[in-house]
Each structure stands twice: as structure tokens, then as C-alpha cells.
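# Understanding the architecture of this molecule
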Amino acid sequence: MTEPILQTVGLSIRFGGVEAVRGVNLCLAERELRCLIGPNGAGKSTLFKLLTGQLQPTAGRIVFHGEDITGDHTHAIARRGIGIKTQVPNLFDGLTVREHLWLAARRTNSRARADAVTDEILERVGLGAQAGAVVGRLSHGLRQWVELGTVLAGNPELILLDEPAAGMTHDEVARTAELVREINRTHALIVVEHDMQFVRMIARTVTVMHQGAVLVEDTMDQILKNSAVRDIYLGKHGGA
Amino acid sequence: MDLAAVLALEILNGIASLVLISVGLAIVFGMMRVINLAHGEFLMLGGYAAIVATNHGVNIWIAILVVAPIVVGIIGVIAERLIIRVLYGRMIDTLLATWGLSLFFVGLVTTIFGNTVAGIGAPLGSVAVGRYSISLYRLVLVAIAAAMLAAIYVVLRTTRLGLIARGTMENPNMAAALGVSPPRVYAATFGVGAALTGLAGGLLAPISGVLPTVGAAYVAKAFITVISGGTAIMAGTASAASLFGTVNQLLTYLTTPIIGEAGLLAAAILLLRVLPHGITGKLFRGSL
Amino acid sequence: MVAVGVGTPLVVDQFGLLQLTVFASMCILALSLGVVWGYGGILCFGQSAFFGLGAYSYAVTAVNLGESTLAIVLAIVLPAVFAALLGYFMFYGRLSDVYLGVITLSVTLIFFNLMNSTAGDAYRIGTARLNGFNGMPSLPTFNVPGDPGRLLDPTETFYLVMALLLIVYVGLHALLASHFGRVVVAIRENETRCELLGYDVRLHKLLIFTLGGAIAGLAGSLFANWGAFVSPNVFSLTTTSQIIIWVIVGGLGTLVGPIIGCLLMQYLATELGTQQLANTSLIFGIIFLAFVLLVPRGIVPSVTALRGRLTAARARSSA
């Protein structure tokens, strides 16, 4: 494999007595689309927070494009090219959709170029009609897309999506899957999701987490046949 | 040798003073997360209550230990019902409303009593320590401060009332399900905090006299002590007061009172830089 | 506003002119907190600290040099430097709302205590005696730069202050529309998202806080010039709460709001001050309480919201 875009080595974080993430070794290639699944409490969102610098690991390293970014500040990591759509949407409720995308785009582009990028992304994500709407008043599904568009507008190489399909209707889920596939043509993605329909629509390699550690990593079909995976979802404590 | 003793007593005085003015605020902040900017005015009202009572013939000790806390306690309960309760959960609005309340009290007292300093003499006289003489009254204050902290600890830890209060603060819905009325608990807690503050005001009246505006002098120090102490009422107030009282009095002794004051603020800022949630946010966690 | 500014000295008498001059100076002070709090979301309860620092910086420098130009510059720079230092401690220490409010409040109160105790000959900076609670009287007022003998008369001072108010207002307006300004507003909306987009939140807060300090300092020099006098009251709880009241009453999140709030409250204070019926603090306290309990968003946003509802209602009835 050519040099991976992201690598974590023995990444762990401990909160008091609980190790929320245990020795995770992840390896992501350029423009790879990885799905990250696992029952609630498996440590998926915590792993994301470690990757974006919102939490500091108690052990292990994170390497992005060959550079050790462990312990860097959140904004520094964002500048390096990692973007995230958080589990609970982080949006500027008082600002319009256009302003969201503009703020994201403007950091890396000139004023003129930022406007162009904003229009592009509005088009790409299909939010053109809502460009002037105040985000606080939009429906949940639209808010998810706004956040997606905002992250995209910053043009990060690696995009982390934490439950992008949560709370969406069937049509919205299908649209989101299409969007994710389209984004994957130019960006690497790690997607955390519970909605298995959605995961099946986009999955290539799937990583399953359980109690903070990686249980198994395989293609979707193999995962579905894996009895250990079934066990952890059904509550039986298979594996460590 | 006597100098060391006097210095030690000065430091104890400083600590006791901080404890007295802060403990009521610590109760209200620690248990209800309410920042009461009228705190200084509660101190002032306690002082006025004590002085007015004394001037009307009430024994000075009763005026200070009984009248002052009761008067301010009642005022506190009324304020809680009319204002704090309405804004519960809106921290910034509570801050602003209590600020309005503080202005209101200052204005009210000025209208009723005028702008001059009222005073009563400190009872008990002084005692000689070597070449220096120290006020016995101040020693009494130190004892009372220690007693207050002990009493709070005992009440919260061992009595049913304390348990109810702690439980309601942690989880009001659960407490309600168990038959406790959270609004009553809040009113009582705020009332107790106000009463203790009134008591402190009464206790300090013989030492510093009262002006309608005397609250402002105390408010900053009380807040700094409470915020630096963290959420544990007793441990927090005790540790923060000890730290700042020592810094303040030492610097005052070595240089000037101004440097002492500045030192207190500097210590607080440094402490908060290192321990943003106060001392008991990190150390003595889970204590009362 | 320009027309009013230009026309006023022709219509109003000397006393009225002086009143309006100080009102305008206070509007600049109101704007400083309006931008730091209303737009930056930084709960600064001690804005009077920078106001007072500016006033005293002007006083000490002007007394020592006998010339006002450098004094005005220092009145802007010194509070800004102090704001930067304080801001560094607070924002890089990731202190939250409530703590910010309390610390900034404490700072101004400490200054108040500090300055009150500087009475006596020993406390002087250069040739300027600080005088403690008595205040520093007979301060040199503004002169034409480079010509210490040529002092500005009341009309010229009025024009100067109005011009400064205009410059500050327009400048802030432009700043808030710029990239930096929009990031600052976004930080107020959601700090986390701003960071996740790559913006250094702490730095932005530090910069806007410092700017607020500088503007407050400028207002301080204007105030010192107006009365040719400065006392520790510039640091008092009363002063700092007045600034907050202006912003609350006028409306958080607008630039016009603080100006309107300031003018309204200043006018009220002057009227109340001349009557003997009731104590000023009492009335202010009641107004404050009423506003927080009944009109929490302030006049301007509430009026705007009301107008919005009326327009919508009219549109519905005519549809």
C-alpha cells in the first residue's frame, strides 16, 4: 500500500478507571472509505475526538501524512486537513447556510474564491434553495447536510462523519449515501453509523469496535457472517 | 516571639474574615450554581440589622448572632421566591438580576438611613500578647468561623436535612419522586446562605462600620474565594480562604496593604489558570 | 447622525454642549462593551477597568508632559496592553463565561481599592500625585497636537468626540463585516465548530477583547478631558454596572443598541440626579431588574422582533 493518509498506533485514552479506547491500530489509505461500527459505548465517537484533538490520548500516537499529530490543538489538526461532522451537530444556529460554508471556505481561500467555493458546495450538497435560511430553524436532516457541506467547504483531505444518517428519512438516507460516495472520489472518509442499511450502501472495508478496542476488520459481507460481531450486538460478551 | 504570635493571629484573622464573608456564597453557589451578586448587600444588610437592633436596646450579642441572620435570611427567601426562582437555570440572567437587586438594596438603605457611617463598638476589649495587644473580639470571630465550617460539615454529612439538600442539588427530579419538594429546598438553601451572610455582616459590623456601599468591598474577595475554592462548600472555602488569607496578610505585613490586595488577586488568577474549576475541582474531590 | 453632530453646537447652549460631549464619550465606552460582549460573547463585567486605566493614563501623562497628544495615545495603548495580558490568562486558560465575569469584575474592584488608597504625597508617578480617593483635579485638557498653549474649546471638543464616535462606530461595523469579525461572531455561536474549522478561537477572543480595552481606554481619556478631573470612581462597581446596563437595555448583539441604551440611561441619570424624590441606585436597580425579567433581549432586538411580527401580521391580513 502506498503511504497511508492516517495511522494510529496503540491509541488509547483512559478516564479514571475506564479505558474508553484501547490500543487502537488503524490504517487508512488515501481516498479510502472506511466504515466504523460497533454497539453504543464501543468508543467510536471517542476515537473521533482523539483524531481531531478534542481529547488528548493517554497512550499511543496519531500519524497523519507521515507526521505525528498526537497532542496537537484542535484548530491545528483541522488546518492539517482533518474535518469532522460531529455526533451531535455543531452548527452556528444564528447564521445562514451560506455563512456556514463561507466561513469554512474563507479560511483557506481568498475572498473571491471563497464565494465561488461556497456556491460550488451549495450545488454539490443540494442546499442551493436553503442558502439564505438560518440554520437554527432547519429540519434535522437539512442540518446534517449543512454540517456536511460546511466540513466539505474547508476541503480537508480526511473527513470523519459521526452518524451522518441519524434521524433521517429513507430518501434522505439514500441521498446521503450518494453524497458520501461522491465525496469519496476526492476525499478519504471514516464513517460511524448505526443504520446498517446505510452502511451497506457505502461500505467497502468495515472496522468493528467493541469496548474500546478493534474487534475485527473486514468487508461488509464477512462482517455480517461473523458470529463474534453478532454476539456483541446481541449483548453476549464475545471476545475481550 | 510575640511578633510571630501576632503575625500568626493576623493570618488567622485574615482567613477567618474570608471564611465568614464567603461561606454563605459558597453554599448558594456550591449547591445551586447561582451567582448572587447581591451578596455584598446581604452582608451590608446584616450589619445594619445588627446596628439598628443594638441601637434600640437589644443586647449586642443577640443583635449580631440572632437578629442579623434572621432578618437577612428572610430577605433571602423572599428574593429567591420572587427573582431567583424565575431565572433558575439562566445563569447569566441570574447574575444580572442579582446585580439589579444589589443596586436596589444600596438605594433602599441609602434612602432610609442616609449616607453616613453607622457603627457600634467592638465588645470584649483586648488582651496583651507581649508588647502587642490583640482584640479578643477578633479571636471570637476566628472561633465562630471555624464553628461555622464545622457546623456545615456536620449538618450536610450527618443530618437528614443535609442529605435532602445534597440529594436535591444532585438530582431534583429524583428527589421530587421521593417526596421532597425541590422549590422548598432551594428556598431553604438560599435562605440559609443568606442568613449565614447576614450573620457575617453582623459580626463584621463592630470592626468596620457600615455604609450602604460597604458591600462592594467584600464582594470581590468573597467571589474570588468561592470560585477558587471550587464546588465543595466546606473544603473549598477552607482551602481557598487559607491560601488567600495567608498570602494577603503576609504581603501586607511585609509591604503594604495595597500589595497585599494585589497579591490576593494575582494568586487567584494564577490558581484559576492552573485549576480552572477551583481547588476542589481537582484536590479533595467529592468532599463536602 | 452627521447632520445632528454638525448642527448641534449652533442650537445648543454651552452647558448642553458639555452634556452632549460626555454623553457621546460614554457612547464610545458603551460600544466597547457592546462589541466584546454582544458580538464576541465575552462576559466582561469589568470593562470599567480599561476605562479607568485610560482615564488615569491620560491624567498622569498629561500632568507630567503638559501636552495631551501622547497622553491620549497612552490612554489607548496602556489599557490595550493590560487587556491583552488579562485576556491571555483568561482565554488561553480556557476559563468559561461565569469565571470570566467574576475575574473581570474582581479586576476593576481591585483597581478601585488600589487607587483609593493612593492618597498622600508618597504616591506619585513623575510629577503627578495620584491623590487616592480625592482624585486628580485640574488636569490639562486637550490641546492642538504640538501646541500645548492652544487648548480646544467646548465646540471643538464636541466635534472631536462626535468624530471619534463616528469613526469607532463605522470602524467596528466594518470590522464585524470582515472575515475576522465574522469569525468572532461564529465563535460566540459555537466555539467548537469554529475550532474544528481551523480557527484559533483563543487568539480571536484575545484580539477582540484587547480592541474593546483600547476603545474603553479612549473613552477614559475623553472623560478625563471633559471634567479635567479623574477619581477612583472610574473603576467603581457603579461605573462598571452602568456600562452593562447600557448594553442590556439597548440590546446585545447590535451596535446601535448600546448607543441608544447609553443615551437613554445617561439622560435618565441626569434627570434623576436633579430631583430629590428617590435614590438613583434604587431606581436603576428597579429598572435593571425589570429589564432582565421582562425584556431580556434589550430594546433594539425587541423592537426589531416586534416590528417583524407586526409586518408579518400585516402581510397575513392583506394576503
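Below you will find a few notes about this structure. Please read these numbers as outputs of a predicted model, since none were measured by experiment.

### A short note on the overall build of chain A
A count of helical and extended segments in chain A gives 9 helices and 10 strands. Within chain A, counting contacts between residues at least 6 apart in sequence, those at least 24 apart form 64% of the total.

### Quick look at the sheet that holds strand E5 (residues 67-68) of chain A
All names here are of chain A. Overall, antiparallel pairing links the 4 strands, which are arranged E2-E1-E4-E5 in an open sheet. What marks the edges here is a single partner per strand, and that holds for strand E2 (18-28) and E5. Packed on one face of the sheet, helix H1 (residues 44-51) meets strand E1 (6-15), E2 and strand E4 (59-64) and runs near 65° to E2.

### Examining the pairing of strand E6 (residues 82-85) of chain A
It is a general feature of regular strands that their side chains alternate between the two faces of the sheet. All names here are of chain A. Because side chains alternate across E6, one face comprises the buried residues Ile 82 and Ile 84, and the other comprises Gly 83 and Lys 85, equally buried. Bridge count between E6 and strand E7 (residues 158-162): 4 bridges; the pairing is parallel. Following the sheet pairing, Gly 83 is matched in E7 by Ile 159.

### Some details on the nonpolar core
One finds B:Val19, B:Leu20, C:Ala30, C:Ala59 and C:Ala219 to be the most contacted residues of the largest nonpolar core, which totals 267 residues. Considering every element that reaches this core, the biggest residue donor is helix H1 (residues 2-32) of chain B, with 15 residues. Setting aside residues up to four positions removed in sequence, B:Leu20 forms contacts with B:Leu141, B:Ala145, B:Ala200, B:Leu203 and B:Leu204.

### Re the interface of chain B and chain C
Contacts between chain B and chain C engage 32 residues on the former and 34 residues on the latter. Sorting the residues of the side of chain B that touches chain C by element identifies helix H4 (91-113), helix H9 (215-229) and helix H11 (257-274) of chain B as the ones contributing at least two each. If one sorts the elements of the side of chain B that touches chain C by residue count, H4(B) sits on top with 16 residues. Its residues assigned to classes, the side of chain B that touches chain C comprises 25 nonpolar, 4 polar and 3 charged.

### Focus on the packing of helix H3 (residues 47-65) of chain C against helix H10 (residues 237-250) of chain C
Residue and element names in this part refer to chain C. In contact at an axis separation of 8 Å, H3 and H10 are set at 115° when each is read in the N-to-C sense. Note on packing geometry: the crossing formed by H3 with H10 is right-handed. Within the contact between the two elements, H3 uses Gln 47, Ser 48 and Phe 51 and H10 uses Thr 239, Thr 240 and Ile 243. Tallied by class, the residues present in the contact of H3 with H10 amount to 2 nonpolar, 4 polar and no charged.

### A word on the interface of chain A and chain C
Taken together, the contacts link 17 residues of chain A with 15 residues of chain C. Looking at the side of chain A that touches chain C, the elements with two or more residues in it are helix H2 (74-80) and helix H3 (97-106) of chain A. The biggest single contributor to the side of chain A that touches chain C is H2(A), with 4 residues. Within the side of chain A that touches chain C, the residues separate by chemical class into 7 nonpolar, 6 polar and 4 charged.

Quick notes on the rules
Residues numbered from 1 in each chain as written. Chains lettered and ligands numbered in written order. Predicted model: local features only at pLDDT ≥ 70, side-chain atom pairs only at ≥ 80, totals over all residues. Helix = DSSP H or I, 4+ residues; strand = E, 2+ residues; numbered from the N terminus. Contact = placed C-beta atoms within 7 Å. Pairing = 2+ DSSP bridges. Axes fitted to C-alpha atoms, helices over the stretch in contact; angles between N-to-C directions. Buried ≥ 20, exposed ≤ 12 C-beta atoms within 10 Å, placed from the backbone. Core = buried A, V, L, I, M, F, W, Y, C linked by C-beta atoms within 7 Å. Nonpolar A, V, L, I, M, F, W, Y, C, P; charged D, E, K, R; others polar. Left-handed = near helix turned anticlockwise from the far one by under 90°.

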